[in-house]
Amino acid sequence: MSFREKSAWISVISMTAIYGYYFWSVVQAGPHLGSFHFAGLLGTVIALIVVQVVLTIAVAIASPGDARAPRDEREKLIELRATRMAYSGLATGIAMACFFGALDPPIVFNTNALLIVLVTAELLRSGCQIVQYRRGA
Amino acid sequence: MGVIRNDIRRLRFEHGEMTQQQLADKIELTRQTVNAIEQGKYSPSLEAAFRISAVFGKPLEAVFRYEEG
């Protein structure tokens with residue numbers, strides 16, 4: 001497995017676990033989140049950065065040659081295809097969030113709806129990369 | 001739609017049993033990309049195809065060929 005594929009797996013696993021916990025907490029707390037919302041989101045972002053940096057460094061130490069090598073043409077193509085797919089998901093999600101916003105929900109719901117769209121698009125991007133790496137394409 | 005076939009695997013073995021990693025290092029691609037090219041799962045750019053041919057000292061058409069599907 002290449003370094004780039006491992007990075008994509010790190011992204012999928014860490015985002016699923018950490019944002020999954022965050023969104024579960026939001027649902028549990030209901031519409032009156034107050035300061036928890038900001039603290040929870042800040043903690044989530046920090047946790048995500050720490051986990052991804054630590055895991056990426058660990059993978060890079062295990063295979064330093066792969067980690068130092070620049071992306072080759074196939075890896076760039078895989079990234080471009082995945083980004084195109086994620087952009088479609090992001091655009092669709094934003095449009096849906098706009099309609100959701102028209103229903104005049106509490107602001108915390110609006111914020112989290114946009115965050116879900118962003119996280120989903122990023123998961124889509126990493127997921128598409130993994131599928132292409134697995135196929136060898 | 002046609003496919004691009006190649007003889008990279010045979011040529012590697014004819015050149016001192018060169019590994020995929022050794023070939024990848026010479027042409028600045030990853031080993032996984034060389035493997036994908038060998039298996040016909042990825043068609044390299046023209047530039048990469050020329051670099052691969054140059055490693056084996058062969059013209060492009062001796063390494064790659066286009067077959068109608």
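What you are looking at is a predicted structure, and each value in this text was computed from that prediction instead of being measured.

Q: Sorry if this is basic, but what is going on with the overall build of chain B here?
A: For chain B, the count of helices and strands is five helices and two strands. Going residue by residue from the N terminus, the α and β elements of chain B occur as β-α-α-α-α-α-β. Taken over the C-alpha trace, chain B has a radius of gyration of 11 Å; the compact-globule value for 69 residues is 11 Å, and the two agree within 12%. The C-alpha extent of chain B, read off along each of the three principal axes, is 35 × 20 × 20 Å. Counting every position in chain B, which comprises 69 residues, the buried fraction comes to 26%. For chain B, the share of sequence-separated contacts (at least 6 apart) that also reach a separation of at least 24 residues comes to 56%.

Q: Any chance you could explain the packing of helix α2 (residues 20-27) of chain B against helix α4 (residues 46-56) of chain B here in plain terms?
A: The relative placement of two packed helices comes down to the angle between their axes together with the axis-to-axis distance. All names here are of chain B. Close contact between α2 and α4 brings their axes to 10 Å; oriented N to C, the two are set at 120°. Regarding α2 and α4, the two cross each other, and that crossing is right-handed. The segment α2 lies against α4, with Leu23, Lys26 and Ile27 engaging Ala48, Arg51, Ile52 and Val55. Here the residues of the contact of α2 with α4 are counted per class, giving five nonpolar, no polar and two charged.

The rules behind these values
- Residues numbered from 1 in each chain as written.
- Chains lettered and ligands numbered in written order.
- Predicted model: local features only at pLDDT ≥ 70, side-chain atom pairs only at ≥ 80, totals over all residues.
- Helix = DSSP H or I, 4+ residues; strand = E, 2+ residues; numbered from the N terminus.
- Rg over C-alpha atoms; globule rule 2.2 N^0.38 Å.
- Buried ≥ 20, exposed ≤ 12 C-beta atoms within 10 Å, placed from the backbone.
- Contact = placed C-beta atoms within 7 Å.
- Axes fitted to C-alpha atoms, helices over the stretch in contact; angles between N-to-C directions.
- Left-handed = near helix turned anticlockwise from the far one by under 90°.
- Nonpolar A, V, L, I, M, F, W, Y, C, P; charged D, E, K, R; others polar.

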